[in-house]
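Secondary and tertiary structure notes
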Amino acid sequence: MTWSSEELDLDAYLARTGYDGAALAPDLETLRALMRAHVASIPFENLEVALGRSVPLDLKSLQAKLVGRRRGGYCYEQNSLFAAVLERIGFQVAGRGARVRASGPGLRPVTHAVLVVTVDGEPWLVDTGFGASGILEPVPLRDGTEVVQAGWTFGITLEDEGIHVLRTLRLEGWADLYAFAPQSLYPADFTVMNHYSSSHPQSRFVGQVVAQQPGPEVRHALVRDELSVSRSDGTHERRIVSAGELTAVLEEIFGIQLDAEDAARLRALSERSGECR
């Protein structure tokens with residue numbers, strides 16, 4: 001099995017995500033229901049990286065963290081776990097590597113991992129790990145696709161060399177989120193990409209706290225000490241989160257509970273980050 005799905009505790013995963021859909025089958029209805037449940041219950045977060053720890057991607061470690069400890073993770077963790085779930089049910093799953101465009105123009109390295117799932121011969125973009133700007137359900141990989149998901153509009157365009165681009169519609173117009181080539185990637189490729197994102201000094205995940213949740217009507221994003229709240233009607237709010245508030249915000253908004261030692265270390269990191277503003 002490509003994604004080690006034979007090691008998966010599927011019942012524990014379904015309990016963690018609160019999946020209450022129909023009987024599991026490799027069809028579009030199941031895929032949609034599983035993805036909605038996953039995105040709603042498992043937050044995007046980089047706290048292990050912020051704490052200077054390694055981020056293992058073997059399935060045993062992913063289950064222990066995201067399912068057993070009820071923590072979250074970033075794209076390599078989230079999509080590796082979800083790929084194992086889908087593979088176990090019988091879906092055809094392939095990995096892809098994406099270049100993030102959400103932060104503006106400029107060619108960036110391939111640092112984001114997504115999935116392409118084929119259902120009845122049709123490919124669908126599946127991504128449980130893009131944080132507050134991410135999709136909530138699968139998106140058909142057809143040029144010109146436009147979908148509305150709980151008030152958020154996404155689209156797919158096709159560029160030269162078979163590059164697919166995921167876009168989102170904002171008040172000011174369409175904006176690219178990321179672009180990916182048709183080349184299949186595998187867990188070993190995710191491991192190499194993960195090494196850069198978790199340890200390279202230029203990675204945006206190193207040295208700062210990131211926690212995000214792409215809810216259906218309201219989306220939350222904590223980066224460093226700034227908490228952003230975005231709504232599907234286009235309104236936004238931002239505020240600074242003090243070091244003393246950090247643990248409560250992580251628990252109350254993102255459902256992340258930390259032990260006393262980790263909470264103290266993250267407060268210290270937040271204090272240092274605040275001094276550098």
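Look up a bit, the structure's there.
Remember, predicted model here, so these are calculated numbers, not experimental data.

1. With respect to the pairing of strand E9 (residues 173-180)
With 6 of 8 residues buried, E9 is to be regarded as a mostly interior element. Pairing of strand E2 (residues 92-100) with E9 involves 3 bridges; the strand directions are antiparallel. Note on E9: the bridge partner recorded for Val100 is Tyr178. Counted between consecutive antiparallel strands, the loop separating strand E8 (residues 163-170) from E9 contains 2 residues.

2. Things to note about the packing of aromatic side chains
The relation between two aromatic rings is expressed through the spacing of the ring centres and the mutual angle of the planes. Per the counting criterion, the structure on display carries 7 aromatic pairs. Their ring planes at 75 degrees and their centres at 4.9 Å tell us that Phe130 and Tyr178 sit as a pair that is edge-to-face. Here the residue Phe130 occupies a position in the loop between strand E4 (122-126) and strand E5 (139-140), and Tyr178 occupies one in strand E9, the gap between them amounting to 48 residues. Considering the side-chain rings of Tyr178 and Phe180, the 6.2 Å spacing of their centres and the 50 degrees angle between planes classify their relative orientation as tilted. A residue is classified by how much of its surface remains accessible, and Tyr178, at 0% relative accessible area, is buried. Here a set of aromatic residues connected by ring pairs shows up, and it is made of Trp3, Phe44, Tyr74, Tyr76, Phe190 and Phe205.

3. Brief notes about the layout of surface pockets
The volume enclosed by the largest pocket comes to roughly 1400 Å³. As for the largest pocket, its lining consists of 46 residues, of which Ala102, Phe130, Ser133, Arg170 and Gln212 are closest to the centre. Among the elements of the structure, strand E3 (110-119), strand E7 (152-159), E8, helix H6 (187-199), strand E11 (218-223), strand E12 (226-231) and strand E13 (236-240) are those that each provide at least two residues to the lining of the largest pocket. Residues belonging to the lining of the largest pocket are distributed by class as follows: 16 nonpolar, 18 polar and 12 charged. Taken as a whole, the second largest pocket encloses approximately 180 Å³ of empty space. Taken together, 13 residues form the lining of the second largest pocket, with Arg99, Arg101, Leu107, Ile163 and Ala179 sitting closest to its centre. The greatest single-element share of the lining of the second largest pocket, amounting to 3 residues, is contributed by E2. Residues belonging to the lining of the second largest pocket are distributed by class as follows: 7 nonpolar, 2 polar and 4 charged.

Criteria and thresholds
- Residues numbered from 1 in each chain as written.
- Predicted model: local features only at pLDDT ≥ 70, side-chain atom pairs only at ≥ 80, totals over all residues.
- Heavy atoms only, no water.
- Buried < 20%, exposed > 50% of the residue type's maximum accessible area, 1.4 Å probe, protein only.
- Helix = DSSP H or I, 4+ residues; strand = E, 2+ residues; numbered from the N terminus.
- Pairing = 2+ DSSP bridges.
- Phe/Tyr/Trp six-rings, centres within 6.5 Å; stacked < 30°, edge-to-face > 60°.
- 1 Å grid on protein atoms, 1.4 Å probe; cavity = no way out; pocket = protein on both sides within 12 Å on 5 of 7 lines; lining within 4 Å.
- Points joined across faces, edges and corners; volume = space filled by probe spheres on them.
- Nonpolar A, V, L, I, M, F, W, Y, C, P; charged D, E, K, R; others polar.

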